[in-house]
Amino acid sequence: MVDYHAPTNQSTGGAQTYMEQENDWDRDLLLDPAWEKQQRKTFTAWCNSHLRKAGTQIENIEQDFRDGLKLMLLLEVISGERLPKPERGKMRVHKINNVNKALDFIASKGVKLVSIGAEEIVDGNAKMTLGMIWTIILRFAIQDISVEETSAKEGLLLWCQRKTAPYKNVNVQNFHISWKDGLAFNALIHRHRPDLIDYESLRKDDPVTNLNNAFEVAEKHLDIPKMLDAEDIVGTLRPDEKAIMTYVSCFYHAFSGAQKAETAANRICKVLAVNQENEQMMEDYEKLASDLLEWIRRTIPWLENRTQEKTVKDLQAKQEDFRDYRTVHKPPKVQEKCQLEISFNTLQTKLRLSNRPAFMPSEGRMVSDINTAWHTLEGAEKGYEEWILSEIRRLERLEHLAEKFHQKAAIHESWTDGKEAMLTQKDYETSTLSEVKALLRKHEAFESDLAAHQDRVEQIAAIAQELNELDYYDAASVNARCEKICEQWDILGSLTHGRKESLERTEKQLESIDELYLEYAKRAAPFNNWMEGAMEDLQDMFIVHNIEEIQGLITAHEQFKSTLPEANKEREAIQAIQAEVQKIAQSNGIKLSGANPYTTITPQSIDSKWEKAMAMVPQRDNALQDELNKQNSNDSLRATFAAQANTVGAYIQAKMEEIGRISIEMNGTLEDQLTSLKDYQTTIMSYMPEINKLEGYHQHIQEALIFDNQYTSYTMEHLRVGWEQLLTTIARTINEVENQILTRDAKGISQEQLYEYRASFNHFDKKRSGQMVSDDFRALLISTGNSLGDGEFNRIMGIVDPNNTGTVTFQAFIDFMSTETTDTDTADQVIASFKILAGDKNFITADELRRELPPDQAEYCIARMAPYAGPDAIPGALDYMSFSTALYGESDL
């Protein structure tokens with residue numbers, strides 16, 4: 001389309017002269033009906049070619065401009081400027097005022113209107129109306145045409161002569177009879193679009209066919225409306241010059257914009273190619289970030305699951321699953337996280353290099369969001385591992401307590417068996433006095449025995465309470481058994497008290513009692529209880545975690561063995577009492593009734609229990625010695641793990657410090673630095689077998705249920721995190737060098753400039769940290785020749801430190817320096833390119849995009865451009881301005 005209101009830099013002297021000549025309107029010529037008909041058709045078509053942009057047209061040129069409204073609209077469309085607001089009244093004065101506004105606007109463009117008044121236009125004077133339109137065409141369509149410093153009519157004629165010079169039977173000398181045979185029109189089209197015209201098939205003696213062919217091709221393929229009739233031109237001796245010039249000027253404007261359109265299309269293709277590549281990287285980042293976050297989201301609930309198991313074996317299966325997660329499932333995700341950060345940094349570098357706004361991932365998918373989720377994951381890992389270890393301790397304690405509970409309960413239940421029947425019998429009612437006294441003494445011994453068992457009942461209740469507090473899975477059965485024992489114990493106490501009262505009532509009638517039996521019973525009962533307690537202690541389960549605890553148990557056992565001689569003397573003394581009874585009975589001919597009436601403890605039971613207790617002593621010795629050996633082995637595992645952990649920890653610390661120095665002190669070309677860093681990375685990865693060896697030692701430690709290590713301050717978790725940080729730091733350093741290579745290649749920065757940038761940066765990086773505070777950065781900028789005020793420095797800090805961290809990295813510094821010294825495409829340039837393709841319209845259509853751009857990029861634009869909503873919109877109009885702005889961000893406008 002034609003740019004009628006584009007600014008021009010050429011001299012307007014020649015154009016003004018021509019305009020003055022043409023403004024001397026030849027009224028007599030307009031009386032020729034043939035010329036007037038040609039002008040009327042041509043000028044009407046020319047006006048409609050512009051009015052259709054505003055969604056309207058005219059039918060009768062002298063009638064439709066009478067109210068001045070469409071005349072003002074026509075001038076706004078072809079000039080691109082706003083005219084004063086028209087008057088909407090229907091009276092003659094309103095119409096004259098509107099036409100005067102249009103004529104004043106024409107005069108403001110340096111055009112002299114000779115003999116043309118608003119009243120004549122309002123009255124529908126055809127000659128004056130055609131003269132006015134011709135004046136408008138001269139000013140906005142022909143005046144700015146210039147070829148070799150010629151202007152207007154001469155320039156347009158020279159352009160036609162040059163374009164048609166190679167064609168036979170074409171000799172353009174004027175704008176009337178030179179065009180009658182139609183060959184000149186076809187030659188102009190063929191010269192610029194040979195694919196539309198078969199010039200060799202045209203015949204000079206068939207002017208109507210030639211003219212119609214040119215008119216139809218121009219209208220169909222060049223968007224030039226049909227302004228002339230072939231029959232009128234052929235049937236007129238001398239065609240109207242103004243009509244021919246108007247029509248030919250449309251060809252000039254259509255073809256002179258072809259080169260601009262191609263250049264604009266190339267620029268747009270370049271911009272769109274960069275944008276498509278960046279969008280693909282954004283999609284890849286979004287997918288990788290979503291997948292990693294989804295894996296973290298699914299993993300954290302598993303790590304936060306605290307469902308309790310019933311046995312140590314079941315919990316150890318969970319521990320094995322956690323070990324598989326640590327060694328099999330997590331390492332690939334660590335690599336994905338590192339790759340995600342690298343991709344994000346590379347994308348941001350490419351966006352900065354192409355002058356695009358920084359990439360902002362979807363909500364919740366920022367690198368910081370991923371790091372936060374990863375930190376939560378690692379916290380869940382630590383909590384899960386600590387929970388497993390604490391659960392193992394808890395279940396071990398529960399199993400030990402449960403076994404101890406059932407052991408003590410079984411002993412107690414065995415002791416209480418038959419006691420209720422014994423306490424409820426009324427044998428004293430038919431007994432003699434001596435027998436009643438014997439029953440009373442026996443009952444006193446039973447009370448002593450009952451009191452001795454009180455401690456065991458309290459122990460049973462305390463163990464049951466602890467099992468409940470530790471959430472033992474079979475607490476219900478424990479509680480039931482404990483409750484039964486306590487209820488039975490209360491019954492025994494009540495029955496004991498009742499029997500004692502009954503015996504005491506008959507005690508006065510009992511005078512004879514064998515003191516020796518009584519002494520035996522009193523000494524045998526506590527000794528028997530002591531033996532039972534000793535047997536319980538010798539069979540008691542134990543659990544220890546270090547050498548000091550097992551040595552304490554061994555010491556206590558040795559102290560117990562030291563009391564055995566005195567206990568044996570007590571046993572011999574008790575047996576001597578029974579022997580004395582037998583001796584006295586034999587000496588005095590006393591026939592004993594059988595068992596000791598005061599106790600059920602026989603000498604045989606005492607000897608039997610003593611033998612069992614003595615057999616348990618060496619068994620206890622062996623069990624304690626085995627546990628001592630186990631603890632010595634565990635201590636050796638601690639020392640082995642500690643030695644390897646101390647070595648690995650020191651190695652990681654040294655390499656972290658070393659990579660910090662390397663990233664600041666690197667020399668050579670960027671490619672050499674990149675090769676050196678990758679070799680260094682390979683060297684670090686070769687240390688992986690030592691990490692795996694340490695993992696093996698750690699597995700042995702966990703399998704042995706070792707929970708502390710006094711030989712090292714390192715834990716496996718700390719070393720894993722340190723190793724991952726070391727690998728990530730190396731990968732980030734490599735990525736920084738790769739981004740510097742991208743910046744250098746994209747911006748054309750020489751190796752010497754990079755050396756100079758690095759040397760300057762290192763000079764002012766006083767802490768050698770790879771970052772500098774704002775005061776040091778200001779000094780660095782001043783050293784490069786920049787004269788900075790506070791406003792300019794704050795603008796630069798907004799570029800190099802968009803997140804307001806207060807520090808500037810070397811990568812941000814070279815990005816800024818390269819941006820300040822190189823040229824890049826801008827949103828204004830892209831908008832100007834689209835405006836050329838759109839024929840200077842404020843919108844563009846899908847057909848125009850498909851005609852000027854490659855198919856894939858044309859469809860890319862169509863899919864993303866919003867409908868145009870301006871006052872001059874037409875159906876299918878697309879808004880290329882907001883689309884171009886979006887490519888670069890609002891800050892470019």
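**Student:** Describe in detail the overall build of the protein, supporting the description with residues and values.
**Tutor:** The helix and strand tally for the protein stands at 33 helices and six strands. Burial analysis of the protein (893 residues in total) assigns 46% to the buried set. Pairs at least 24 apart in sequence give 75% of the contacts found in the protein among residues at least 6 apart. Of the roughly 44200 Å² that the protein leaves accessible, carbon and sulfur atoms contribute 50%.

**Student:** How would you summarise the pattern of salt bridges if you had to cite specific residues and measurements?
**Tutor:** The tally for this structure, following the rule as stated, stands at 50 salt bridges. Across the pair Glu381 and Lys330 runs a salt bridge whose closest N-O atoms are separated by 3.1 Å. In this pair, Glu381 is assigned in helix α15 (residues 367-416) and Lys330 in helix α14 (residues 312-353), connecting sequence segments 51 residues apart. By the burial criterion, Glu381 is buried, and Lys330 matches it. A salt bridge links Glu447 to Lys500, with the nearest nitrogen and oxygen atoms 3.6 Å apart. Of the two residues, Glu447 is situated in helix α17 (residues 433-469) and Lys500 in helix α18 (residues 475-505); the sequence distance between them amounts to 53 residues. For Glu447, a relative accessible area of 22% corresponds to the partly exposed category. One network of salt bridges, in which partners are shared, links Arg326, Lys330, Glu381, Glu385, Glu695, Glu717, Arg720 and Glu724.

**Student:** How would you explain the packing of helix α9 (residues 183-192) against helix α10 (residues 207-221) if you had to name every residue and give the values?
**Tutor:** Relative orientation of the contacting elements α9 and α10 amounts to 35°, with a least axis distance of 8 Å. Seen from above, α9 lies across α10 with left-handed handedness. On α10, the residues touching Leu183, Phe185, Asn186 and Ile189 of α9 are Asn210, Leu211, Asn213, Ala214, Phe215, Val217 and Ala218.

**Student:** Tell me about unusual backbone geometry, residues and numbers included.
**Tutor:** Of note in the backbone geometry, Asn169 takes a positive phi value of approximately 65° without being a glycine. Among the secondary structure elements, Asn169 is positioned in the loop between α8 (152-164) and α9. With a phi close to 70°, Asp840 is a non-glycine residue in the positive phi region. Of note, Asp840 is situated in the loop between α30 (827-837) and α31 (846-852). Given the relative accessible area of 15%, Asp840 is considered buried.

**Student:** Go over the environment of Asn345 with me, naming the residues and quoting the values.
**Tutor:** Note on placement: Asn345 falls in helix α14. Measuring from C-alpha to C-alpha, the distance between Asn345 and Asn735 comes to 7.9 Å, with 390 residues separating the pair along the chain. Once residues lying within four places of it in the same chain are set aside, the contact partners of Asn345 are Asn735 and Asn739.

**Student:** Before we move on, can you summarise the packing of helix α5 (residues 92-108) against helix α7 (residues 126-142) with the specific residues and values?
**Tutor:** Two elements in contact, α5 and α7, have axes separated by 11 Å at closest approach and are oriented at 35°. Handedness of the α5/α7 crossing: left-handed. On α7, the residues that touch Leu103, Phe105 and Ile106 of α5 are Met132, Thr135, Ile136 and Phe140. Per-class residue counts for the contact of α5 with α7 are six nonpolar, one polar and no charged.

**Student:** Kindly report on α30, identifying the contributing residues and their values.
**Tutor:** Buried within α30 we find Ala827, Val830, Ile831, Ser833, Phe834 and Leu837. Looking straight down α30, one finds its buried side chains confined to an arc of 160°; they lie on one side. A positive phi of about 65° marks Gly839, the residue just after α30.

**Student:** Would you mind going over the confidence of the model for the protein in detail, with residue names and values included?
**Tutor:** Any residue range with low pLDDT should be treated as having predicted coordinates unsuitable for detailed reading. Across the protein, pLDDT averages 80, with 89% of residues at or above 70. For the stretch residues 1-31, pLDDT sits under 50, and the model shows 66 contacts to residues farther than four places along the chain or on other chains. Counted against residues more than four places away or in other chains, residues 509-513, with its pLDDT under 50, gives 14 contacts.

**Student:** Any details on the packing of aromatic side chains? Residues and values, ideally.
**Tutor:** Each aromatic ring pair is specified by the distance between its two centres and by the angle formed by the two planes. As enumerated under the stated definition, the model contains 26 aromatic pairs in all. Their ring planes at 5° and their centres at 5.9 Å tell us that Trp415 and Phe446 sit as a pair that is stacked. Of the two residues, Trp415 is situated in helix α15 and Phe446 in helix α17; the sequence distance between them amounts to 31 residues. Taking relative accessible area as the criterion, Phe446 reaches 7% and is therefore assigned buried. Chaining the aromatic ring pairs together yields one cluster made of Phe175, Trp179, Phe185, Phe215, Tyr247, Phe251 and Phe255. Positioned above the aromatic ring of Phe793 is the side chain of Arg778, whose terminal nitrogen or guanidinium carbon lies 4.1 Å from the ring centre.

**Student:** Please give an account of the nonpolar core that cites residues and values.
**Tutor:** Trp46, Ile136, Trp179, Phe185 and Phe251 are the most contacted members of the largest nonpolar core, which totals 77 residues. Of the residues forming this core, the biggest block, eleven residues, is contributed by α7. Aside from chain neighbours lying at most four places away, what touches Trp179 is Cys160, Val172, Asn174, Ala184, Phe185, Leu188, Leu211, Ile244 and Val248. In this structure, Phe641, Tyr651, Phe777 and Leu788 belong to the second largest nonpolar core, which totals 47 residues.

**Student:** Can you lay out the environment of Val170 for me, pointing to particular residues and giving the numbers?
**Tutor:** Structurally, the position occupied by Val170 is in the loop between α8 and α9. Between the C-alpha atom of Val170 and that of Lys204, which follows or precedes it by 34 residues, the distance is 9.3 Å.

Thresholds applied
- Residues numbered from 1 in each chain as written.
- Predicted model: local features only at pLDDT ≥ 70, side-chain atom pairs only at ≥ 80, totals over all residues.
- Heavy atoms only, no water.
- Helix = DSSP H or I, 4+ residues; strand = E, 2+ residues; numbered from the N terminus.
- Buried < 20%, exposed > 50% of the residue type's maximum accessible area, 1.4 Å probe, protein only.
- Contact = heavy atoms within 4.5 Å.
- Areas by Shrake-Rupley, 256 points an atom, 1.4 Å probe, with all protein chains shown as cover.
- Salt bridge = Lys/Arg side-chain N within 4 Å of Asp/Glu carboxyl O.
- Axes fitted to C-alpha atoms, helices over the stretch in contact; angles between N-to-C directions.
- Left-handed = near helix turned anticlockwise from the far one by under 90°.
- Nonpolar A, V, L, I, M, F, W, Y, C, P; charged D, E, K, R; others polar.
- Arc of directions from axis to C-beta.
- pLDDT = per-residue confidence, 0-100.
- Phe/Tyr/Trp six-rings, centres within 6.5 Å; stacked < 30°, edge-to-face > 60°.
- Lys NZ or Arg CZ within 6 Å of the ring centre and 35° of its normal.
- Core = buried A, V, L, I, M, F, W, Y, C linked by side-chain atoms within 4.5 Å.

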